[in-house]
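Okay, here's what each chain looks like letter by letter:
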Amino acid sequence: MTQRYCLTCLSLALALSCARAPKPRAPQPAPATSPRAAENAPRSVSHQPSSPQLARLLPLPQRVEAAAGERFTFTPQTTIVAGENQPLVMNVAAQLVAFLRRATGVVPPVVAGPEPAPPANVIALTIDANASTSEEGYDLTIASGRVTVRARTPAGLFYAVQTIRQLLPDSAEYTALMFREPPVVTLPAVHIVDAPRYAWRGTMLDVARHFFSVDEVKHYIDLIALYKINRLHLHLADDQGWRIEIKSWPELARRGGASEVGGGPGGYYTQEQYADLVQYAASHFVTIVPEIDMPGHTNALLSSYADLNCNGTAPATYTGTEVGFSALCVDLDVTYKFIDDIVREIAALTPGPYFHAGGDEVKTLTPDQYRRFVERVQTIVQSHGKQMVGWDEVSVATLLETSIVQHWRPDASKQLLAGSPHLLLSPADRAYLDMKYDDSTLLGLNWAGNVSLQKAYDWDPEALVPGARAGAVVGVEAPVWSETLTNMRDVEFMAFPRLPAVAEIGWTPQAQRSWNTFKERVAAQAPRWTALGINFYRTPDIQWRESNPQ
Ligand code: ACM
């Protein structure tokens, strides 16, 4: 019975991967005008029929060369060798151990030091300055008896481990203790050379409209790390709630934290909890980008301190979903003392280089008041050692060369955007994961139209802002606004499968991306998401797989 099952699996695997394997590219003559173009063109990806595991990697690595040799087989003797006994490398090794334990039932030991000679069965994680031209790149070779991972940084090792994780059986994602037959787990022989297209591969979670607990945010970090996302932007303040303790302004959390959309209890992170989140994110090579939205979207803070209001009166808390009605009193000195205090406290808790100051949807200030406010806040942010990020409205101001403009409005002035020092791209009609998928979606909004999976996937960041400065695009980010999302099940539904689409835009070179191969690879994620318990949307344009051949 077991054998018949395996044979069926194998022939199914062969049939599927034969059907899906791209035709080898015929050699292309180099265009006469650009002899270097062919040299620099990304190499094509080859998926050998015998390696269906390779046909589900997402994001697609830059180069995958299936090798003819024998597969790597995990044994009770498999050992992880970390080239250096440094904490970040050991942390990556420990995470690999957790995946392997679930995949094979064996806990491989981790040892530091040089690689033992064959025939030892080894997974070697090595920091090597020559391994990649990219800080986050890696070089992964899987061969009989040996998996070799080389990277310039621990981040590169971590991304290689995510790739290995995607090659393991989907059932390895079940965290519940399972009674299984001792499985034989193998990896295909392959050489993968990989590096991200962009430095910023992000997602934003709106913890202000509805509050999400520390454990929920950690869960989201777990999910995004699988797809090599490296920035988590936390929208920490809006009209409906203030979500981080500020010691010099304690009413912000106490009063401003006690509300949310729909009248629920809200909540906030203590500074210790925020620091713990930052640390948890860092262990997954995710940088937290804190946002305090200002001068608009500020009702929660205005309702916490009467002195911050032009008329000296604190407004009532707000639990609706209108925008644009609130603004800081930009002509009061205390406003800038307040901003200096909150930026100082949050910057001190945030090792990452960014502070997001919002800047969107301000309807009650004059253009001149708005511009002067942004320029002053930008200087405060810089004085606390951070780069300012602002929503695309801030492009009307004179920006520092370090500032990053986050493009979101489909109708924003492309001319102003083109002048921005740095651009982070989150066009709402492509990258906003709170937009409905289609007319049947109950959750979410649709002011920017429905965003199907294909719409979320099929765009090129470099084509979005014509005339942008060379190298201005730092990357892409998929925001999840939470007006209609009250818990993680809702967030998962809106983020999966579209978040992996945005992750691939951020990671994989444009020339190697195509909707047709993405469709196949995203379909193959379903058994893994089922094992992880993710409440994903089975969008009907994908033929979701119930299981994957190993
Ligand atoms: C935004 O969606 N208001 C940035």
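Details of the structure are given in the entry above.
From a predicted model like this one, the values you see are computed outputs, not experimental measurements.

With that settled, the discussion passes to the overall build of the chain. Broken down by element type, the chain carries 18 helices and 19 strands. Put simply, the chain has 550 residues, and 56% of those count as buried. Relative to all contacts within the chain whose residues are 6 or more apart in sequence, the contacts with residues 24 or more apart total 73%. For the chain, the computed accessible surface area is about 21900 Å², with 55% contributed by carbon and sulfur atoms.

Strand order across the open sheet formed by seven strands is β1-β9-β6-β7-β5-β3-β4, with mixed pairing between neighbours. Two strands lie at the open edges of the sheet, namely β1 (63-66) and β4 (110-112), each paired on one side alone. On average, each strand axis in the sheet is tilted by 10 degrees relative to the strand beside it, whichever way the strands run. Of the pairings in the sheet, the one linking strand β6 (residues 138-143) to strand β7 (residues 146-151) comprises six bridges and is antiparallel in character. Looking at the pairing, leucine 140 lines up with valine 149 of β7. The strands touched by helix α3 (residues 87-104) within the sheet are β3 (79-82), β4 and β5 (122-127), with β3 carrying the most contacts at an inclination of about 165 degrees.

We now examine the sheet that holds strand β19 (residues 473-480). Pairing in this closed barrel of eight strands is parallel, and the strands run β10-β11-β14-β15-β16-β17-β18-β19 around the ring. Sheet twist, expressed as the average angle between the axes of neighbouring strands with direction ignored, equals 30 degrees. Relative to strand β17 (residues 404-407), strand β16 (residues 387-391) runs parallel, the two being bridged by three bridges. Within the sheet, the bridge partner assigned to valine 389 lies in β17 and is isoleucine 404.

Once the charged atoms of two side chains with opposite charge are near each other, the side chains can pair. Tallying each qualifying case throughout the model produces 26 salt bridges. Of the charged contacts in the structure, one is a salt bridge between arginine 152 and glutamate 135, with a shortest N-O distance of 2.7 Å. Of the two residues, arginine 152 is situated in the loop between β7 and α4 (154-167) and glutamate 135 in the loop between β5 and β6; the sequence distance between them amounts to 17 residues. Notably, a salt bridge pairs arginine 409 with aspartate 392, separated by 2.6 Å at the nearest N-O pair. On the criterion of sequence distance, the pair formed by arginine 409 in the loop between β17 and α11 (414-418) and aspartate 392 in the loop between β16 and β17 is long-range, its members being 17 residues apart.

Cut-offs used in this document
Residues numbered from 1 in each chain as written. Predicted model: local features only at pLDDT ≥ 70, side-chain atom pairs only at ≥ 80, totals over all residues. Heavy atoms only, no water. Helix = DSSP H or I, 4+ residues; strand = E, 2+ residues; numbered from the N terminus. Buried < 20%, exposed > 50% of the residue type's maximum accessible area, 1.4 Å probe, protein only. Contact = heavy atoms within 4.5 Å. Areas by Shrake-Rupley, 256 points an atom, 1.4 Å probe, with all protein chains shown as cover. Pairing = 2+ DSSP bridges. Axes fitted to C-alpha atoms, helices over the stretch in contact; angles between N-to-C directions. Salt bridge = Lys/Arg side-chain N within 4 Å of Asp/Glu carboxyl O.

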